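The chain contents come next:
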Amino acid sequence: MKKIIITALICVLGLTSYAQIDENLSFSEIQSKAIDYFRNNNADSAILYMEFAYQKFPENDIRSINILGSMYTRAGHYSKAIDIWKLGIEKGHYYNLNNPRYQEFYKDNVDFAAIAKIEKDKIDAAHMKHEVILPSNYDTNKSYPTVFIFHGNNRSIETSKQSWISKTMKDECITVFLQSYVHMDQGTFQWLPNDEKTNKEFKEIYDAVMANYAVNKKKIIFTGMSAGGRKAIEYAFNEFVPMSGLVLNCPVIPNDIQEDAIQQFVSANKKIGIITGENDFALVAQKKLVSDIEKIEGQSKLIENKGLGHEFPENFSNFLDDYLQWVIE
């Protein structure tokens, strides 16, 4: 009976030292346990796990600092959060400190404002990037459908290239991988909605591609995942630059698409194809957009993958090929 009571007390009180953490756990296992503790309102044990991970796995310090900064903040350890973020920023990492979610915790905190400004100044000095991949047997005397790919948040050109793989792109299209200038952490980026700098720099990239490559200007496709899909939709429905259609995976749908913008999209014979999961958090909005387009006899498709959420399906390349061919035809 006494043993049961002691065990129960340990569960309630949580961990008290690193010695109670299994040394054989991987970084991802420790991270998972820390997040579980935090979700179950045991911040002290969660923080202990992540501090242990930070010390044991220095190669994962970007992720450790990101999680610890958030946990420290929500646990009220503001000085610890600021100190560890400062260490990360001095190493060249980014933690999205200018996100409004932090303002409720750090309003009028001059130390936080100082490191947030350092990060913002570094972001403001950065620029969008892009990489152009030409189709096999590219011939300047021909013209090619051109695909612009917007990565999802917390992603990059390199991670996009691992997912957006298509025989159609490889053989028939000029492909332009885009990367936001706004860091989330080291090596990953995010899109800001309605951002003037992004608009300006994307337009410059778009114009350069039109001028320097053999683009079929009647077959320009915007593609994207999640927030990248949202950015592609923004440009398509605002008629920011000429384009022909959209192929999107689990896009986040902007909540300000106007009826006249949908009407114009349909009148211009543009197409939209959405690949998504039945458990995707944005599914309702995705279906509504497709329905609004179909109501006025527009061209739209939506594939809802069973058992999947906000993610790429295993056979994504096949869906991508089919949708690209449909838009291009």
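Anyway, here's the lowdown on the structure attached to this text. (Residues numbered from 1 in each chain as written. Predicted model: local features only at pLDDT ≥ 70, side-chain atom pairs only at ≥ 80, totals over all residues. Heavy atoms only, no water.)

## Examining the environment of F177
Working step 1: Relative to the elements of secondary structure, F177 occurs in strand β3 (residues 174–179).
Working step 2: Between the C-alpha atoms of F177 and I149, which are 28 residues apart in sequence, the distance is 4.9 Å.
Working step 3: Among residues more than four places away in sequence, those in contact with F177 are K129, H130, E131, I133, I149, I157, S160, K161, W164 and M169. (Helix = DSSP H or I, 4+ residues; strand = E, 2+ residues; numbered from the N terminus. Contact = heavy atoms within 4.5 Å.)

## Examining the packing of aromatic side chains
Working step 1: Per the counting criterion, the structure on display carries 28 aromatic pairs.
Working step 2: Between F150 and F202, the aromatic rings sit 5.4 Å apart at their centres with planes inclined by 50°, giving tilted as the arrangement. Of the two residues, F150 sits in strand β2 (residues 144–150) while F202 sits in helix α10 (residues 196–212), which places them 52 residues apart along the sequence. For the pair F150 and F202, one class covers both residues: buried.
Working step 3: Over the ring of Y94 we find K122; its NZ or CZ atom is 5.0 Å from the centre of that ring.
Working step 4: Above the plane of the ring of Y181 lies K197, whose end atom (NZ or CZ) is 4.3 Å from the centre. (Phe/Tyr/Trp six-rings, centres within 6.5 Å; stacked < 30°, edge-to-face > 60°. Buried < 20%, exposed > 50% of the residue type's maximum accessible area, 1.4 Å probe, protein only. Lys NZ or Arg CZ within 6 Å of the ring centre and 35° of its normal.)

## Structural notes on the environment of M128
Working step 1: Residue position: M128 is located in the loop between α7 (110–124) and β1 (129–133).
Working step 2: Overall, the relative accessible area of 9% leaves M128 in the buried class.
Working step 3: Between the alpha carbons of M128 and H93 there is a distance of 17 Å; along the sequence they are 35 residues apart.
Working step 4: Not counting the four nearest positions on each side in its chain, M128 is found in contact with L178, Q179, S180, Y181, W191, T198, E201, F202 and I205.

## Focus on the layout of surface pockets
Working step 1: If you add up the space inside the largest pocket, you get close to 390 Å³.
Working step 2: R63, N66, I67, S70 and R101 are the residues nearest the centre of the largest pocket, which is lined by 16 residues in total.
Working step 3: Take the lining of the largest pocket: its biggest share by element is six residues, from helix α4 (residues 61–74).
Working step 4: The class makeup of the residues in the lining of the largest pocket is seven nonpolar, four polar and five charged.
Working step 5: Those elements giving two or more residues to the lining of the second largest pocket turn out to be α12 (259–267) and α13 (283–295).
Working step 6: Among the elements that take part in the lining of the second largest pocket, α13 stands out by supplying five residues, more than any other.
Working step 7: Looking at side-chain class alone, the lining of the second largest pocket contains seven nonpolar, three polar and four charged residues. (1 Å grid on protein atoms, 1.4 Å probe; cavity = no way out; pocket = protein on both sides within 12 Å on 5 of 7 lines; lining within 4 Å. Points joined across faces, edges and corners; volume = space filled by probe spheres on them. Nonpolar A, V, L, I, M, F, W, Y, C, P; charged D, E, K, R; others polar.)

## Brief notes about the sheet that holds strand β8 (residues 271–277)
Working step 1: Pairing is mixed across the open sheet formed by seven strands, whose spatial order is β1-β3-β2-β6-β7-β8-β9. Strands at the two margins of the open sheet, each flanked by one partner only, are β1 and β9 (299–305). When strand polarity is set aside, the average angle formed by the axes of neighbouring strands in this sheet is 15°.
Working step 2: Running at roughly 165° to β8, helix α14 (residues 316–328) makes contact with β2, β6 (215–225), β7 (245–249), β8 and β9 of the sheet. (Pairing = 2+ DSSP bridges. Axes fitted to C-alpha atoms, helices over the stretch in contact; angles between N-to-C directions.)

## Description of the side chain of H93
Working step 1: You can see H93 is positioned in the loop between α5 (78–90) and α6 (103–106).
Working step 2: Among the polar contacts listed, one links the side chain of H93 to the side chain of Y95, at a separation of 3.1 Å. (Polar contact = N/O pair within 3.5 Å; in protein donor to acceptor, adjacent residues only side chain to side chain.)

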